[in-house]
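Structural features, examined
Letter by letter, the chains look like this.
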Amino acid sequence: EDPRSLVKRPPVVTILGHVDHGKTTLLDAIRHSNVASGEAGGITQHIGAYQVEHHNQLITFLDTPGHAAFTAMRARGAQGADIVVLVVAANDGVMPQTREAIAHAKAARVPIIVALNKVDRPDSNPDFVKRQLAENGLVPDEWDGDTMIVPVSAKQKMGIEDLLEAILLVSDSMDIRANPNGKVLGTVIEAQVEKAKGVIATLLVQNGSLEMGDIIVAGTSMGRIRAMFDYRNRKLRKAGPSMPVLVMGLSDVPAAGDIFQVYKNDREARAVVEERKTQAQNRQAAVPKATLEQLFERYQAGETRELCLLLKADVQGSLEPIVSELKDLNKSEIKVTILQAEAGNVSENDVMLAAASKAIVLGFNVTADTAARRLAEAEGVSIRLYDIIYRLTEDIEKALKGMLE
Ligand code: GTP
Ligand code: NA
Ligand code: MG
């Protein structure tokens, strides 16, 4: 895009956090206190995203289960959101999914604002939670860090204005722009089939302007947009960047996270879909299904005090010394399991395998292609690449020590 044609667009915000820390309640509180009054009753169809207006500025919220949408988008290489609001219950503190969300956001380089929720509870302990957050790399700005931590009570609708304020502050410091007249593309937030209506998809327009009658392709689904609504269920003819819309007219249900694009005509769209379907079939054929499932069962059932490794090296010859070095490490308390040792670059299949068995991928003198990296990010699989054998084994030794602590 020509930078001169880029204009400011509303920030897209997704809410992440540990189970029961109050994500849904917070989204509801934001929606009810800020979507124009009287509007709520008019919502007949749930849409997976909405916008609120604060000081005449729009903010787009993704209203789907945060993790699912965010992960799916990132798995497909789309930037899921501009800002993450991390909900942390002030009585419960930093929990496993809180850490996972932090890791996710950091990997995607998306700034985090913490909504310190449930401060109304008598057992809430904000200072303790702030210390925990600091230990996890989110140092509160009041302690000279750069993370905004906003105390809220989603239940009592307290602190919501402050949170919106914080979102606008962070978004103003970023360069959140798009070209409303440029190439039309965006992301599928969610989609389903409904009786009589056919496929209904929530799309987030990220560049250009989507119009009624446009022919779009999303994943391997295509169609002409025959109806379009905003998050208040009002009919729309055109939707610009950062706008969530509900559309009808797609042939099949696209996956959350699929990128959609507008094509000139039916023929072009069809050609794209056909090519993608062929590619998908080829990929399918390449996955050793039985092996994957067998491995999954074996390792899922196993105890966690085991370090699973998947090893890739440039040539067969360099695998042997690495394997024997790693086997030596087996004298420790933690069992080192080498799931697979193969020659070749790190592929998407390797990452799938590693994800299914919670393994770490180690590469020696190899690379990982973009698809493999994206999948690894989405699945939380770590790929570690080395060009010196002893550094590889040294790292594993360190990891074993870390696990023992
Ligand atoms: P999952 O979607 O299951 O991960 O949960 P969630 O993060 O969406 O949490 P949810 O909004 O369902 O809230 C979980 C529980 O916490 C509910 O019983 C809420 O009523 C309660 N809760 C949420 N926010 C607050 C709050 O600010 N104060 C208090 N006291 N309770 C809250
Ligand atoms: Na819940
Ligand atoms: Mg929820």
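Structural notes on the overall build of the chain
A tally of helices and strands in the chain yields 11 helices and 20 strands. Approximately 19,700 Å² of the chain is accessible, and the part contributed by carbon and sulfur atoms is 49%.

What to know about the confidence of the model for the chain
Averaged over every residue, the pLDDT of the chain is 83; the share at 70 or more is 83%. Long-range and interchain partners of residues 36-44, a stretch whose pLDDT sits below 50, account for eight contacts in this model, where long-range means more than four residues apart. This model gives residues 287-300 a pLDDT under 50, and the stretch forms 17 contacts once residues within four places in sequence are excluded.

Observations concerning the sheet that holds strand 10 (residues 198-207)
What the six strands build is a closed barrel, ordered 9-10-15-13-12-16; its pairing is antiparallel. Pairwise comparison of adjacent strand axes, ignoring direction, gives a mean angle of 45° for this sheet. With three bridges joining them, strand 9 (residues 185-194) and strand 16 (residues 259-263) adopt antiparallel strand pairing. From the neighbouring strand, Thr187 faces strand 16, where its bridge partner is Ile259.

What about the site of ligand 1?
Not every one of the 15 residues close to ligand 1 is listed here, only the nearest: Lys23, Thr24, Thr25, Asp120 and Ala154. A distance of 3.0 Å separates an oxygen atom of ligand 1 from a polar side-chain atom of Lys118. Between ligand 1 and Asp120, the relevant distance is 2.7 Å, taken from a nitrogen atom to a side-chain nitrogen or oxygen of the residue. Coverage of ligand 1 by the protein amounts to 71% of the 650 Å² it exposes when considered alone. The greatest single-element share of the shell around ligand 1, amounting to three residues, is contributed by helix 1 (residues 23-34).

A look at the nonpolar core
Grouped together as the largest cluster of nonpolar side chains are 26 residues, with contacts concentrated most on Leu26, Ile30, Phe61, Leu163 and Ile167. At the level of secondary structure, the elements contributing two or more residues to this core comprise strand 2 (12-17), helix 1, strand 3 (49-54), strand 4 (57-62), strand 5 (83-89), strand 6 (112-117) and helix 5 (160-172). In terms of residue count, helix 5 provides more of this core than any other element does, seven residues in total. Apart from the residues lying within four places of it in its own chain, the contact partners of Leu26 are Ile15, Val85, Val87, Ala115, Val152, Ala154, Ile160 and Leu163. Counting 19 residues, the second largest nonpolar core, distinct from the first, contains Val188, Val205, Ile216 and Ala239.

Some remarks on the packing of helix 9 (residues 348-356) against helix 10 (residues 370-379)
Two elements in contact, helix 9 and helix 10, have axes separated by 8 Å at closest approach and are oriented at 15°. Our classification of the angle between helix 9 and helix 10 gives roughly parallel. Note that helix 9 runs across helix 10; the crossing there is right-handed. Here Glu348, Val351, Met352 and Ala355 of helix 9 come into contact with helix 10, specifically with Ala371, Ala372, Leu375, Ala376 and Glu379. Of the residues in the contact of helix 9 with helix 10, the class split is seven nonpolar, no polar and two charged.

Points about the pattern of salt bridges
For the structure on display, the rule yields 13 salt bridges. Several salt bridges share partner residues, and in doing so they unite Lys312, Glu342 and Asp350 into one network.

Points about unusual backbone geometry
Of note, the phi angle at Ala196 is positive, near 75°, even though the residue is not glycine. Structurally, the position occupied by Ala196 is in the loop between strand 9 and strand 10. Positive phi is not limited to glycine here, since Asn233 has a value of about 70°. Here Asn233 shows up in the loop between strand 13 (221-229) and strand 14 (238-239). Overall, the relative accessible area of 19% leaves Asn233 in the buried class.

Topic: helix 3 (residues 96-107)
Taking 1.5 Å as the rise per residue, helix 3 with 12 residues should run 16 Å; its terminal C-alpha atoms sit 17 Å apart, in good agreement. Listed in full, the buried residues belonging to helix 3 are Thr98, Ala101, Ile102, His104 and Ala105. Looking straight down helix 3, one finds its buried side chains confined to an arc of 165°; they lie on one side. A positive phi of about 55° marks Arg109, the residue just after helix 3.

Things to note about the sheet that holds strand 18 (residues 335-343)
Ordered in space as 18-17-19-20, the four strands form an open sheet in which the pairing is parallel. Two strands lie at the open edges of the sheet, namely strand 18 and strand 20 (383-386), each paired on one side alone. Each strand axis lies, on average, 20° off the axis of its neighbour in the sheet, ignoring direction.

Thoughts on helix 5
Its 13 residues place the ends of helix 5 18 Å apart at the C-alpha level, agreeing with the 18 Å of an ideal helix rising 1.5 Å per residue. When helix 5 is considered as a whole, its buried residues turn out to be Ile160, Leu163, Leu164, Ala166, Ile167, Leu168, Val170 and Ser171.

With respect to the pairing of strand 15 (residues 244-250)
Within a regular strand, side chains alternate between the sheet's two faces. The buried fraction of strand 15 amounts to seven of the seven residues, a majority that puts the element mostly inside the structure. Examined bridge by bridge, strand 10 and strand 15 share five bridges and lie antiparallel to one another. Across the sheet, residue Leu204 finds its bridge partner in strand 15, namely Pro244. As defined by bridge partners, strand 13 adjoins strand 15 across four bridges and the pair is classed as antiparallel. Within strand 15, the position partnered with Met228 by the bridge is Val247.

Conventions and cut-offs
Residues numbered from 1 in each chain as written. Chains lettered and ligands numbered in written order. Predicted model: local features only at pLDDT ≥ 70, side-chain atom pairs only at ≥ 80, totals over all residues. Heavy atoms only, no water. Helix = DSSP H or I, 4+ residues; strand = E, 2+ residues; numbered from the N terminus. Areas by Shrake-Rupley, 256 points an atom, 1.4 Å probe, with all protein chains shown as cover. pLDDT = per-residue confidence, 0-100. Contact = heavy atoms within 4.5 Å. Pairing = 2+ DSSP bridges. Axes fitted to C-alpha atoms, helices over the stretch in contact; angles between N-to-C directions. Near = heavy atom within 4 Å. Polar contact = N/O pair within 3.5 Å; in protein donor to acceptor, adjacent residues only side chain to side chain. Core = buried A, V, L, I, M, F, W, Y, C linked by side-chain atoms within 4.5 Å. Buried < 20%, exposed > 50% of the residue type's maximum accessible area, 1.4 Å probe, protein only. Parallel < 35°, antiparallel > 145°, perpendicular 65-115°, else oblique. Left-handed = near helix turned anticlockwise from the far one by under 90°. Nonpolar A, V, L, I, M, F, W, Y, C, P; charged D, E, K, R; others polar. Salt bridge = Lys/Arg side-chain N within 4 Å of Asp/Glu carboxyl O. Expected span 1.5 Å × (residues − 1). Arc of directions from axis to C-beta.

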